[in-house]
Amino acid sequence: MDPKEKKVREEELNVEETHDAAAEETQDQQTEEQIPLTREEELEKELEEAQATIEEQKDKFLRLSAEFDNYRKRTLKEKAELILNGSEKSIGSILPVIDDFERAIKTMETATDVAAVKEGIELIYNKLMTTLGQNGVNVIDTKEQPLDTDYHEAIAVIPAPSEELKGKILDCVQTGYTLNDKVIRHSKVVVGE
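Residues numbered from 1 in each chain as written. Predicted model: local features only at pLDDT ≥ 70, side-chain atom pairs only at ≥ 80, totals over all residues. Heavy atoms only, no water.

- As recorded in an unreviewed UniProt entry, the chain goes by the name Protein GrpE, listed as coming from Bacteroides pyogenes.
- Listed in UniProt under the heading Subcellular location (unreviewed entry), the comment for the chain reads: "Cytoplasm". (UniProt positions renumbered as here; feature names shortened; annotations may be inferred.)

1. Quick word on the sheet that holds strand 6 (residues 187-192)
Strand pairing within a sheet occurs via backbone hydrogen bonds; the two strands may be parallel or antiparallel.
Part 1 of the argument: The strand order 2-6-3 describes an open sheet built from three strands, whose pairing is mixed. Each edge of the open sheet carries a strand with a single partner, namely strand 2 (152-158) and strand 3 (169-174). Between one strand and the next, the sheet's axes are offset by a mean angle of 30°, whatever the strand orientation. (Pairing = 2+ DSSP bridges. Helix = DSSP H or I, 4+ residues; strand = E, 2+ residues; numbered from the N terminus. Axes fitted to C-alpha atoms, helices over the stretch in contact; angles between N-to-C directions.)

2. Some thoughts on the pairing of strand 6
Part 1 of the argument: Most of strand 6 is tucked away, with five of its six residues classed as buried.
Part 2 of the argument: The pairing of strand 2 with strand 6 spans six bridges and is classified as parallel. Among the inter-strand pairings, E153 is bridged to a residue of strand 6, identified as K188.
Part 3 of the argument: Summarising the sheet, strand 3 and strand 6 pair through four bridges and their orientation is antiparallel. Residue I169 lies in a different strand from strand 6, and its bridge partner there is V191. (Buried < 20%, exposed > 50% of the residue type's maximum accessible area, 1.4 Å probe, protein only.)

3. Regarding the nonpolar core
Part 1 of the argument: Ranked by size, the top nonpolar core spans seven residues in total: V97, A104, I124, L128, L132, V137 and Y177.
Part 2 of the argument: When contributions to this core are tallied by element, the ones reaching two or more residues are helix 2 (88-110) and helix 3 (114-134).
Part 3 of the argument: Looking at this core element by element, the count peaks at three residues for helix 3.
Part 4 of the argument: In contact with I124, not counting residues within four places along its chain, are V97, D100, F101 and A104. (Core = buried A, V, L, I, M, F, W, Y, C linked by side-chain atoms within 4.5 Å. Contact = heavy atoms within 4.5 Å.)

4. Focus on helix 3
An α-helical segment advances 3.6 residues per turn. Residues three or four places apart therefore align on the same side.
Part 1 of the argument: Between its first and last C-alpha atoms helix 3 spans 30 Å; for 21 residues at 1.5 Å apiece the expected length is 30 Å, and the two agree.
Part 2 of the argument: The opening residue of helix 3, the one whose side-chain oxygen lies 3.3 Å from the backbone nitrogen of A115, is D113. (Expected span 1.5 Å × (residues − 1). Polar contact = N/O pair within 3.5 Å; in protein donor to acceptor, adjacent residues only side chain to side chain.)

Given below as structure tokens:
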């Protein structure tokens, strides 16, 4: 190989190397430019997804909040109606007893048989007590029971006629009542000592 050819060959190799180096550099620059663009696009996509999720959750929250508010208002309204009209069933069951009392009063105006009137009043009283019992009202038992301050109120203490009646109820001045096992009026009683 002649020196001129050798020199031309070296120049060609240098040109190829320069061209290859330039091509590599261009490719590296393109890759570097693509990476940030791809990363930016990914971040932008993630941001859009996050914003969509936030909007969806916000919508769900607003709907749930409105639904709860409606529920709260509805239950308050129902509670108010129960307070106003809760005794409707009880009153309705007592009305027939009132009708019986009205008939008894009308009959007493012309009645001459006291025993029949007394029997009629007792029947009406028993009917009333049965009706109250069906509505959860019960009489507090006091006869010869030991004093229980949860159910009884002692208004007087007298000497007991016998030893076994000491500390027990001798007389009931006012009857007490429970409604579904809750005391609505204590029995006023006389206790022996």
